[in-house]
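# Structural description and commentary
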Amino acid sequence: PVRHVVMFRFKETKVPTSIRLETMSFLIHSLKCKPYRLSKPESSRFNNFKSYSTVGGKIPVRHVVMFRFKEGTSNEVTSNIGKELKGLKDKIPGITEARWSQNFSKRSDAHYVLEMTFVDRESVEAYGPHPAHQNVVQNIIAPHREKEAVVVDYVIE
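Starting afresh in each chain, residues are numbered from 1 along the sequence in its written order. Confidence filtering applies because this is a predicted model: local features only for residues at pLDDT of at least 70, side-chain atom pairs given and counted only at 80 or more, and all residues used for totals across whole chains, interfaces and linings. Calculated side-chain values reflect all of the structure's heavy atoms, with hydrogen atoms and water omitted.

A tally of regular secondary structure across the protein chain gives four helices and five strands. Here a strand is any run of E in DSSP of at least two residues, a helix any run of H or I of at least four, and the numbering for each starts at the N terminus. Written out in order from the N terminus, the α and β elements of the protein chain read α-β-β-α-β-β-α-α-β. Counting every position in the protein chain, which comprises 157 residues, the buried fraction comes to 35%. Whether two residues are in contact is decided by their heavy atoms, any of which lying within 4.5 Å being enough. Restricting to contacts in the protein chain with at least 6 residues of sequence separation, those with at least 24 account for 66%. Burial classes: relative accessible area under 20% of the type maximum marks a residue as buried, over 50% as exposed, and values in between as partly exposed (1.4 Å probe, protein chains only).

This is the structure we're talking about:
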């Protein structure tokens, strides 16, 4: 299956809060997902933000990272990066799934996408500073990265 990931950012000074909340509500219902970071809306029409599926009483989170590598980075290098990132599943608690895929869309300048599923939000937050993760980021990815990766975390409905 092909996954289509949509990311957007509102500029606080340009878009009123009511418009942002209505847009988020529309996207959440259309994409059937929940954003990872969303302030609790005061309006009762947004109460459905609380209806999450749980696994063992925990709310699973998807972590998506999009990478762009320097020109000339070999397939061998990107394959090794994917292997190292997927291998974190066996080294860091809370990761239940890890995938490494090449982007074929011309609508994004990302070359590769990492998708990880975590048992809960706390696991995602512990993953970032974990020494095994930092080793991969600093020593294996950073020398080949053209620019900072784009990261999206969201609750899986």
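After that view of the structure, there is still more to cover.
Here the focus is helix α2 (residues 75-87). Residue count minus one, scaled by 1.5 Å, sets the expected span of a helix. Across its 13 residues, α2 extends 18 Å between first and last C-alpha, which sits within 8% of the 18 Å expected from 1.5 Å per residue. Along α2, the residues that are buried comprise Thr-78, Ile-81, Gly-82 and Leu-85. Buried positions in α2, seen along its axis, are confined to an arc of 95 degrees and lie on one side of it. Set apart from the buried face of α2 by more than 90 degrees, the exposed residues are Glu-76 and Lys-83. If you follow the buried residues of α2, they end up packed against β2 (61-67), β3 (95-102), β4 (112-118), α3 (121-127) and α4 (131-141). Here, the arc refers to the directions that run from the helix axis to the C-beta atoms.

Geometry of aromatic contacts follows a simple scheme: Phe, Tyr and Trp rings, the Trp one being its six-membered ring, pair when their centres are within 6.5 Å, and the pair is stacked under 30 degrees between planes, edge-to-face over 60, tilted otherwise. Here the structure, examined in full by the defined rule, presents six aromatic pairs. Consider the rings of Phe-67 and Phe-69, whose centres lie 5.8 Å apart with planes at 5 degrees: the pair is stacked. A single burial state applies to Phe-67 and to Phe-69, both of which are buried. Of the aromatic side chains, those joined through ring pairs into one cluster are Phe-67, Phe-69, Trp-100 and Tyr-112.

Let us now look at the confidence of the model for the protein chain. As a per-residue measure, pLDDT tells how confident the predictor is, with possible values from 0 to 100. Residues of the protein chain with pLDDT of at least 70 account for 64%, and the chain-wide mean is 78. For the stretch residues 36-52, pLDDT sits under 50, and the model shows 26 contacts to residues farther than four places along the chain or on other chains.

Next up on the list: the side chain of Asp-120. In this fold, Asp-120 is placed in the loop between β4 and α3. Classification of Asp-120 as buried rests on a relative accessible area of 8%. N or O atoms within 3.5 Å of each other form a polar contact, as long as, within protein, one can give a hydrogen and the other can take it, and as long as residues adjacent in sequence are counted only when both atoms are side-chain atoms. A distance of 2.7 Å separates a polar atom in the side chain of Asp-120 from a polar atom in the side chain of Ser-123. When residues no more than four places from it in sequence are discounted, the contact partners of Asp-120 are Lys-58, Ile-59, Pro-60 and Val-61.

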